[in-house]
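Each chain, letter by letter, is given below.
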Amino acid sequence: MEVYSALAEMRRLSSEKIPFSFSFVSYNSTKGTSKGVVAVANARLGKRERREYHKHADIVESYIDLDTGEQKRFYQPLLLTFNGIDLELK
């Protein structure tokens, strides 16, 4: 499955309040570091970031980890899996 198709499905499920799983490679653009692969078992996407609040808002997604209640973010191009399906960036 292609990354942007997965994102569209993640948005659809989130709008219906249906949780999903996904994984991505972490990246901290401020520090230029990664902590490797992050797996999230139960999540929903949040509202998109606005450009004035995040310089990479066009490629960042916010989500809530439903197991911990934490609000976090990931970079779209670093998305690896969605509901157990490997993704590819085209």
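Reading guide: rules and limits
Residues numbered from 1 in each chain as written. Predicted model: local features only at pLDDT ≥ 70, side-chain atom pairs only at ≥ 80, totals over all residues. Heavy atoms only, no water. Helix = DSSP H or I, 4+ residues; strand = E, 2+ residues; numbered from the N terminus. Rg over C-alpha atoms; globule rule 2.2 N^0.38 Å. Buried < 20%, exposed > 50% of the residue type's maximum accessible area, 1.4 Å probe, protein only. Contact = heavy atoms within 4.5 Å. Lys, Arg positive; Asp, Glu negative; His and termini not counted. Charge placed at Lys NZ, Arg CZ, Asp CG, Glu CD. Expected span 1.5 Å × (residues − 1). Polar contact = N/O pair within 3.5 Å; in protein donor to acceptor, adjacent residues only side chain to side chain. Core = buried A, V, L, I, M, F, W, Y, C linked by side-chain atoms within 4.5 Å.

1. Describing the overall build of the protein
Phase 1: Across its full length, the protein carries 1 helix and 6 strands.
Phase 2: Taken from the N to the C terminus, the helices and strands of the protein come in the order α-β-β-β-β-β-β.
Phase 3: Compactness check: the protein gives a C-alpha radius of gyration of 12 Å against a globular reference of 12 Å for 90 residues, within 12% of the reference.
Phase 4: A principal-axis box enclosing the C-alpha atoms of the protein has dimensions of 30 × 25 × 25 Å.
Phase 5: By residue count, 33% of the 90 residues in the protein fall in the buried class.
Phase 6: A separation threshold of at least 6 residues defines the contact pool for the protein, and within that pool the share at least 24 residues apart is 48%.
Phase 7: Across the protein, 14 positive and 12 negative side-chain charges occur, with their mean positions spaced 6 Å apart.

2. Side note on helix 1 (residues 3–15)
In an α-helix, one turn spans 3.6 residues; hence positions three or four apart end up facing the same way.
Phase 1: A rise of 1.5 Å per residue sets the reference length of helix 1, with its 13 residues, at 18 Å; its end C-alpha atoms lie 18 Å apart and thus fit the reference within 8%.
Phase 2: Residues of helix 1 that are buried sit in contact with strand 1 (20–25), strand 2 (37–45), strand 3 (60–65), strand 4 (71–75) and strand 5 (79–82).
Phase 3: Its side-chain oxygen 2.9 Å from the backbone nitrogen of Y4, E2 forms the N-cap of helix 1.
Phase 4: At the C-terminal side of helix 1, K17 shows a positive phi close to 60°.

3. Some words on the nonpolar core
Phase 1: Among the nonpolar cores identified, the biggest contains 16 residues, and M10, F20, F22, Y63, F74 and L79 are the most heavily contacted of them.
Phase 2: Of all elements in the fold, only helix 1, strand 1, strand 2 and strand 5 reach the threshold of two or more residues within this core.
Phase 3: It is helix 1 that provides the largest number of residues to this core, a total of 5 residues.
Phase 4: Once you skip the residues sitting within four places of it in the chain, M10 turns out to touch F20, F22, L45, F74, L79 and F82.

4. A look at unusual backbone geometry
Phase 1: Despite not being glycine, K17 has its phi angle at roughly 60°, a positive value.
Phase 2: A positive phi angle, close to 45°, is found at N83, a residue other than glycine.
Phase 3: N83 gets classed as partly exposed once you look at its relative accessible area, which sits at 39%.

5. Re the side chain of Q76
Phase 1: The residue Q76 is located in the loop between strand 4 and strand 5 in this model.
Phase 2: Of note is the side chain of Q76, whose polar atom sits 2.7 Å from the side chain of E61.
Phase 3: Q76 has contacts with V3, Y4, L7, R11, R48, D58, I59 and E61, leaving out every residue within four places of it along the chain.

Take it as geometry only, folks, not as evidence of what the structure does.
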